[in-house]
Amino acid sequence: NAGVMQNPRHLVRRRGQEARLRCSPMKGHSHVYWYRQLPEEGLKFMVYLQKENIIDESGMPKERFSAEFPKEGPSILRIQQVVRGDSAAYFCASSPVSAGYTGELFFGEGSRLTVL
Amino acid sequence: QQQVKQSPQSLIVQKGGISIINCAYENTAFDYFPWYQQFPGKGPALLIAIRPDVSEKKEGRFTISFNKSAKQFSLHIMDSQPGDSATYFCAAVIYNQGGKLIFGQGTELSVKP
């Protein structure tokens, strides 16, 4: 059973460009979470999605960031008009049920975004 | 408040020693407290977790101690090994609020041979 797959693993963008990060959850997992990790900081919750629905986006910046988890295909985290402060590691995690019940999330290896 | 404070930020321990990482929280609505381990270049992975109705949980060399009245919990790694060198995150979650884990800032553990 393959783990959570994220791509690209590394992405370099210039200021003003768009970044698209993809996440395929583990087989059988319908709950997807996105977290951001800045240097020397912990993991910050961004958004929680189920298929075709955004359940909790309380951690998403109000502008330039969006996320989706379509009926078919991977979850996408989209960052428009990137700025240097967006440089970070973005982790996707999945779970078979809400992580509120188990506390367990299965993380991918992350996508490291560098904005020049 | 939806915060979990973790200390120390970094920790160096000799092989065979005990590593202790502490976390504190404010929100009494939290009802599950997992610990995650992250190796460089990898995603975090669940290590051990505890509910607040239990004061201690042990799995192998890893033990969580929980003090509900003080709103604190800690991870003890007994007989620490170089392979334990990683970043450790405590976290907290509210059972019926969708599974949004709130993570501490992380502790970078280095176990010297």
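To be clear, the structure that these remarks concern was listed above.
Calculation rules
- The residue count restarts for each chain, going from 1 along the sequence in the order it is written.
- Here every chain gets a letter starting at A, and every ligand a number starting at 1, in the order they are written.
- In keeping with the predicted nature of the model, local features appear solely for residues at pLDDT of at least 70, side-chain atom pairs appear and are counted solely at 80 or more, and the whole-chain, interface and lining totals rest on all residues.
- Side-chain measures were taken over the full set of non-hydrogen atoms in the model, leaving aside hydrogen atoms and water.
- Numbered from the N terminus, helices here are DSSP runs of H or I no shorter than four residues, and strands are runs of E no shorter than two.
- In this setup the radius of gyration rests on C-alpha atoms only. A globule is expected at 2.2 Å times the number of residues raised to 0.38.
- Categorising residues by exposure relies on relative accessible area from a 1.4 Å probe, with only protein chains included: less than 20% of the type maximum marks a residue as buried, more than 50% marks it as exposed, and the intermediate range marks it as partly exposed.
- Note on definitions: a residue-residue contact is assigned when non-hydrogen atoms from the two residues lie within 4.5 Å.
- The accessible surface values rely on the Shrake-Rupley method and a 1.4 Å probe; as for residues, cover is taken only from the protein chains in view.
- Two N or O atoms form a polar contact when they lie within 3.5 Å of each other; inside protein one atom must be a possible hydrogen donor and the other a possible acceptor, and for residues adjacent in sequence the pair counts only when both atoms belong to side chains.
- Two parts placed together each lose some accessible area; with a 1.4 Å probe, that loss summed over both constitutes the buried area.
- For this document, the term salt bridge refers to a Lys or Arg side-chain nitrogen within 4 Å of an Asp or Glu carboxyl oxygen.
- Under the scheme applied, nonpolar residues are Ala, Val, Leu, Ile, Met, Phe, Trp, Tyr, Cys and Pro; charged residues are Asp, Glu, Lys and Arg; polar residues are all the others, including Gly.
- Here a strand pair is declared whenever DSSP counts at least two bridges between the two strands.
- What is meant by a nonpolar core is a set of buried Ala, Val, Leu, Ile, Met, Phe, Trp, Tyr and Cys residues, joined one to another through side-chain atoms within 4.5 Å.

## Digging into the overall build of chain A
Line of reasoning, step 1. Looking only at helices and strands, one finds 1 helix and 11 strands in chain A.
Line of reasoning, step 2. For chain A, the succession of helices and strands along the chain, N to C, is β-β-β-β-β-β-β-β-β-α-β-β.
Line of reasoning, step 3. Relative to the 2.2 N^0.38 estimate, which gives 13 Å for 116 residues, the radius of gyration of chain A is 13 Å and therefore close to what a compact globule would have.
Line of reasoning, step 4. Out of the 116 residues in chain A, the part that is buried amounts to 45%.
Line of reasoning, step 5. Long-range pairs, those at least 24 residues apart, make up 52% of the contacts in chain A between residues at least 6 apart in sequence.
Line of reasoning, step 6. In the structure as shown, chain A presents an accessible area of about 5800 Å², 46% of it carried by carbon and sulfur atoms.

## With respect to the side chain of Gln6 of chain B
All names here are of chain B.
Line of reasoning, step 1. Looking at the secondary structure, you find Gln6 in strand β1 (residues 4-7).
Line of reasoning, step 2. Within polar-contact distance, the side chain of Gln6 engages the backbone oxygen of Tyr88 at 2.6 Å.
Line of reasoning, step 3. Polar side-chain contacts of Gln6 include one of 3.3 Å to the backbone nitrogen of Cys90.
Line of reasoning, step 4. Excluding its chain neighbours within four sequence positions, the residues that come into contact with Gln6 are Ile21, Asn22, Cys23, Trp35, Tyr88, Phe89, Cys90, Gly104, Gln105, Gly106 and Thr107.

## What about the interface of chain A and chain B?
Line of reasoning, step 1. Contact residues are listed per partner, giving 25 residues for chain A and 22 residues for chain B.
Line of reasoning, step 2. Where chain A abuts chain B, roughly 1800 Å² becomes buried across the two surfaces, and 53% of that area is made up of carbon and sulfur atoms.
Line of reasoning, step 3. Inspection of the region where chain A meets chain B yields 2 salt bridges.
Line of reasoning, step 4. The shortest N-O distance in the salt bridge between Lys100 of chain B and Asp56 of chain A comes to 3.9 Å.
Line of reasoning, step 5. Counting across the interface, chain A meets chain B through 6 residue pairs in polar contact (both at pLDDT 80 or more).
Line of reasoning, step 6. Among the secondary structure elements, those contributing two or more residues to the side of chain A that touches chain B are β4 (31-37), β5 (43-50) and α1 (99-102) of chain A.
Line of reasoning, step 7. If one sorts the elements of the side of chain A that touches chain B by residue count, α1 of chain A sits on top with 4 residues.
Line of reasoning, step 8. Classifying every residue of the side of chain A that touches chain B by side-chain character gives 10 nonpolar, 8 polar and 7 charged.

## Things to note about the side chain of Asp86 of chain A
Line of reasoning, step 1. Assignment of secondary structure puts Asp86 of chain A in the loop between β8 (75-79) and β9 (88-95).
Line of reasoning, step 2. Within the structure, the side chain of Asp86 of chain A is placed 2.7 Å from the side chain of Arg64 of chain A, a separation counted as a polar contact.

## Notes on the pairing of strand β11 (residues 111-115) of chain A
Residue and element names in this part refer to chain A.
Line of reasoning, step 1. Where burial is concerned, the two faces of β11 differ: the one with Ser111, Leu113 and Val115 is buried and the one with Arg112 and Thr114 is not.
Line of reasoning, step 2. Pairing between strand β2 (residues 10-13) and β11: 4 bridges, direction parallel. Residue pairing for β11: Leu11 is matched across the bridge by Leu113.
Line of reasoning, step 3. By the bridge criterion, 3 bridges tie β9 to β11 in an arrangement that is antiparallel. Opposite Ala89, over in β11, you have Arg112 as the bridge partner.

## Looking at the pairing of strand β2 (residues 10-14) of chain B
Residues and elements named next belong to chain B.
Line of reasoning, step 1. Only one face of β2 is buried: it carries Leu11 and Val13, and the other face, with Ser10, Ile12 and Gln14, is open.
Line of reasoning, step 2. Pairing geometry for β2 and strand β11 (residues 107-112), over 5 bridges, is parallel. Along β11, the bridge assignment pairs Ser10 with Glu108.

## So, the nonpolar core
Line of reasoning, step 1. In terms of nonpolar packing, the biggest core is built from 26 residues, with Val4, Phe30, Phe33, Trp35, Phe73, Leu75 and Tyr88 of chain B touching the most fellow members.
Line of reasoning, step 2. Of all the secondary structure elements, the ones that give two or more residues to this core are β2, β3 (19-25), β4 (33-38), β5 (45-50), β7 (62-67), β8 (72-77), β9 (86-92) and β11 of chain B.
Line of reasoning, step 3. Per-element tally for this core: the top contributor is β9 of chain B, with 4 residues.
Line of reasoning, step 4. If we skip the residues at most four places from it in the chain, Val4 of chain B touches Cys23, Ala24, Phe30, Phe73, Cys90, Ala92, Ile102, Phe103, Gly104 and Gln105 of chain B.
Line of reasoning, step 5. In terms of nonpolar packing, the next biggest core, distinct from the first, is built from 23 residues, Val32, Ala67, Ile79 and Tyr90 of chain A among them.

Function-wise, these values are silent; they only describe arrangement.
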